[in-house]
Amino acid sequence: MPAIFSAQSLLETVIGVGVFAMMVWALIDAARTRPDAFPAAGKRTKTFWLLLTGGATAIGFIFMFSPFNLFNLAAIVAAGVYHADVRPALRAVQQRGGSGSHMGPYGPW
């Protein structure tokens, strides 16, 4: 039985550290993005996303070893929304039509 408890504890720690890394990544990405890209993408301001991802990162740090805490789950959702919704919209706005972009009016060519 102690082996199962040890395995569960290790898995919980790995999940907590992974989730915390996702939150830090969201915070760093929001900090590195131009402030004018957020409204251009139809999203809230850079300050809003810095506060939200910063708060999520702080909560993630506090509850790193208990990732299934209710507060940590809310922080995971906040960082997940940034990664799934805001970041792709920002990348689409910031993408330049240079050598790496082969997009026509109906898709890539």
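Residues numbered from 1 in each chain as written. Predicted model: local features only at pLDDT ≥ 70, side-chain atom pairs only at ≥ 80, totals over all residues. Heavy atoms only, no water.

## A short note on the side chain of His 83
In this structure, His 83 sits in helix H4 (residues 70-94). Non-local contacts of His 83, meaning those with residues more than four positions away in its chain, are made with Met 22, Trp 25, Ala 26 and Pro 88. (Helix = DSSP H or I, 4+ residues; strand = E, 2+ residues; numbered from the N terminus. Contact = heavy atoms within 4.5 Å.)

## Some thoughts on the packing of helix H1 (residues 2-32) against helix H3 (residues 46-62)
Where H1 meets H3, the closest approach of the two axes is 9 Å, and the angle between their N-to-C directions is 160°. As summarised for this structure, H1 and H3 are arranged roughly antiparallel, according to the angle between their axes. The handedness of the crossing between H1 and H3 is left-handed. Facing H1, whose interface residues are Phe 20, Met 23, Val 24, Ala 26, Leu 27, Ala 30 and Ala 31, H3 presents Lys 46, Leu 50, Thr 53, Gly 54, Ala 56, Thr 57, Gly 60 and Phe 61. (Axes fitted to C-alpha atoms, helices over the stretch in contact; angles between N-to-C directions. Parallel < 35°, antiparallel > 145°, perpendicular 65-115°, else oblique. Left-handed = near helix turned anticlockwise from the far one by under 90°.)

## Things to note about the confidence of the model for the protein
Per-residue confidence for the protein averages 90 on the pLDDT scale, and 89% of its residues sit at or above 70. Across the protein, the secondary-structure element scoring lowest on mean pLDDT is strand S1 (residues 103-104), at 66, and the one scoring highest is H3, at 97. (pLDDT = per-residue confidence, 0-100.)

## Side note on H3
A rise of 1.5 Å per residue sets the reference length of H3, with its 17 residues, at 24 Å; its end C-alpha atoms lie 24 Å apart and thus fit the reference within 8%. All of the buried residues in H3 are Lys 46, Trp 49, Thr 53, Ala 56, Thr 57 and Gly 60. For H3, the angular spread of buried residues about the axis comes to 105°, placing them on one side. More than 90 degrees from the buried face of H3, the exposed residues found are Thr 47, Leu 51 and Ile 62. (Expected span 1.5 Å × (residues − 1). Buried < 20%, exposed > 50% of the residue type's maximum accessible area, 1.4 Å probe, protein only. Arc of directions from axis to C-beta.)

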